[in-house]
Amino acid sequence: MTDQAEAIPPHHPLHNVSLTLPEIRTIVSTALPSTTFISSTPFPPNASYNNKLYHIAVDTSDPFIPRNLVLRLCGRHWTRTKTVNEVACLSLLAGTGLVPRVFGWCAEGPQEWILMERMEGRSLAEEMTVPDLTMEDQERVAEQLAHAMRVWRDGMRRDDGSMGNLEKVGEDGSVVFGPFVDGVHARGYPWTSYAGYARALLEDAIVSLSTKPALEGNRHLDSNHVKIPLVQSFIETTLPTLPVLYDPVFSSSVFTHGDMNARNILVSRDPTTYQLKLSAIVDFEWAGFFPLYHEFAASEGEAFDPSMDGCLDRALLNAMEKVGLTTVRTADPVMWKQAKALDGLRTNVAPWWLMQLDVGNPRLPGELAEAAEVVKGILGEFAVTFSTQNS
């Protein structure tokens, strides 16, 4: 099956991202020469925002190779980093049974791709639309998810505090720290402290603000052409003094999925008991070792995802706390507020959802103005907090 024409706007990561059927066949036969190609079916357009996905069906007599695979094509706005990071993270987690096995990948050339196992189940987001989803189902999945996170945190500690994304290098495929996925101008990786990581992200946002045409309307926030660059001044004076950057809980380096939301959690029902269970966790392209708050910030919610049902949110928080994981309810509220404000500052200095828009897009004036007000509000809040503490 070949792609049908899709009305994808030019700024979208999937604009012009596709492969022909002969190209797909070549990838599969090269990566898995012992298989017989049967079919290729594109996933629905809403299955992934950043990647084009295909369901690949093959036939094989090799019991190690599954007959159902996923071919993932990387979206346009990232080159190499996102692909190599996901492959490296899946390699680290290969023994857990909850992530797909990788059978081939390419991070060079005009189209990056990963060929991986198709995991059992459907997304938790889909399951949550089913009327008969019970509280017991939600609690069971939450407990299994929290257990998986506890295993990651215990089994992959970074006692030296190093932070960043990953890549595989050398003939043996060793996993090491690699370029930062979510900030092409962020330098100095791996960062050895939360302070270094936070500074690098804010400086990366300033570069994006200064270079992305769509963000020109907000360059008054930080520019060499104004007398007092607001954000740069904050980086130099206030940022190094923030207590959250040195808090032993918040500054520790933990393995982080980076996009833990209901779309990336796969569940299935036991054929005998019909109980819902966690079957897989997917989409590790943003994963790596980061400060505690990164998991929550990257998922855009105070628990994990605002689209989740409130009962499931509570079940997940309960389960995380039961296995000793810090949550918004158990963390120091002052530290949490500072971490959240830092993330909001970086996000609104260079709003990722606006950067690829055409300069004449009617959304820009209003949304840029909103982002500017958020930035000024956060900087003002930090200024008031520290002037009060120092008075």
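The rules we used
- Residues numbered from 1 in each chain as written.
- Predicted model: local features only at pLDDT ≥ 70, side-chain atom pairs only at ≥ 80, totals over all residues.
- Heavy atoms only, no water.
- Helix = DSSP H or I, 4+ residues; strand = E, 2+ residues; numbered from the N terminus.
- Expected span 1.5 Å × (residues − 1).
- Buried < 20%, exposed > 50% of the residue type's maximum accessible area, 1.4 Å probe, protein only.
- Pairing = 2+ DSSP bridges.
- Core = buried A, V, L, I, M, F, W, Y, C linked by side-chain atoms within 4.5 Å.
- Contact = heavy atoms within 4.5 Å.
- Axes fitted to C-alpha atoms, helices over the stretch in contact; angles between N-to-C directions.
- Parallel < 35°, antiparallel > 145°, perpendicular 65-115°, else oblique.
- Left-handed = near helix turned anticlockwise from the far one by under 90°.
- Nonpolar A, V, L, I, M, F, W, Y, C, P; charged D, E, K, R; others polar.
- Phe/Tyr/Trp six-rings, centres within 6.5 Å; stacked < 30°, edge-to-face > 60°.
- Lys NZ or Arg CZ within 6 Å of the ring centre and 35° of its normal.

(A) Layout of helix H4 (residues 135-155). Taking 1.5 Å as the rise per residue, H4 with 21 residues should run 30 Å; its terminal C-alpha atoms sit 30 Å apart, in good agreement. Looking at H4, one finds that the buried residues are Asp137, Gln138, Arg140, Val141, Ala142, Leu145, Ala146, Ala148, Met149, Arg150, Trp152 and Arg153.

(B) Expanded view of the pairing of strand E10 (residues 265-269). Within E10, five of the five residues are buried, leaving the element largely enclosed by the surrounding structure. Bridge count between strand E6 (residues 122-123) and E10: two bridges; the pairing is antiparallel. If you follow Arg122 over to E10, its bridge partner there is Val267. In terms of strand pairing, E10 meets strand E11 (residues 276-281) through five bridges, oriented antiparallel. Among the inter-strand pairings, Leu266 is bridged to a residue of E11, identified as Ala280.

(C) Structural context of the nonpolar core. Formed by 80 residues in total, the largest nonpolar core has its most connected members in Tyr194, Phe250, Phe284 and Leu342. Counting residues per element, this core draws most heavily on helix H5 (residues 194-211), at nine residues. Contact partners of Phe284, with chain neighbours within four places excluded, come to Asn85, Glu86, Cys89, Leu90, Leu93, Val99, Trp152, Phe255 and His257. Membership of the second largest hydrophobic core comes to 18 residues, among which are Ile56, Leu73, Trp113 and Leu115.

(D) Seen up close, the packing of H5 against helix H6 (residues 230-237). It is the contact of H5 with H6, at a shortest axis distance of 10 Å, that shows an interaxial angle of 165°. The angle between H5 and H6 places the two elements in the roughly antiparallel class. Where H5 crosses over H6, the handedness of that crossing is left-handed. Where H5 abuts H6, its residues Arg199, Leu202, Glu203 and Ile206 lie against Val231, Gln232, Phe234, Ile235 and Glu236. Taken together, the residues of the contact of H5 with H6 sort by class into five nonpolar, one polar and three charged.

(E) Focus on the environment of Cys106. Structurally, Cys106 can be placed in strand E4 (residues 102-106). In the structure, Cys106 is positioned 33 residues away from Leu73 in sequence and 9.7 Å away in space, judged by C-alpha atoms. If we skip the residues at most four places from it in the chain, Cys106 touches Thr83, Glu112 and Trp113.

(F) Representation of the packing of aromatic side chains within the structure. Applying the stated criterion across every chain, the model contains 15 aromatic pairs. Between Trp352 and Trp353 the ring centres are 5.7 Å apart and the planes differ by 85°, which places this aromatic pair in the edge-to-face class. Three or more aromatic residues joined by ring pairs form one cluster here, namely Trp152, Phe177, Phe255, Phe284 and Phe289. The aromatic ring of Phe64 is capped on one face by Arg101, whose charged end is 4.6 Å from the ring centroid.

(G) Here's a closer look at the sheet that holds E11. Spatial ordering of the open sheet is given by E6-E10-E11, a layout of three strands whose pairing is antiparallel. Strands with a single pairing partner mark the edges of an open sheet, and in this sheet they are E6 and E11. This element, H4, spans E10 and E11 of the sheet and lies at about 35° to E11.

(H) Expanded view of unusual backbone geometry. Even without being a glycine, Tyr274 presents a positive backbone phi close to 65°. Structurally, Tyr274 is set in the loop between E10 and E11. Of note in the backbone geometry, Asp283 takes a positive phi value of approximately 65° without being a glycine. In this structure Asp283 comes out as buried when scored by relative accessible area, which is 16%.

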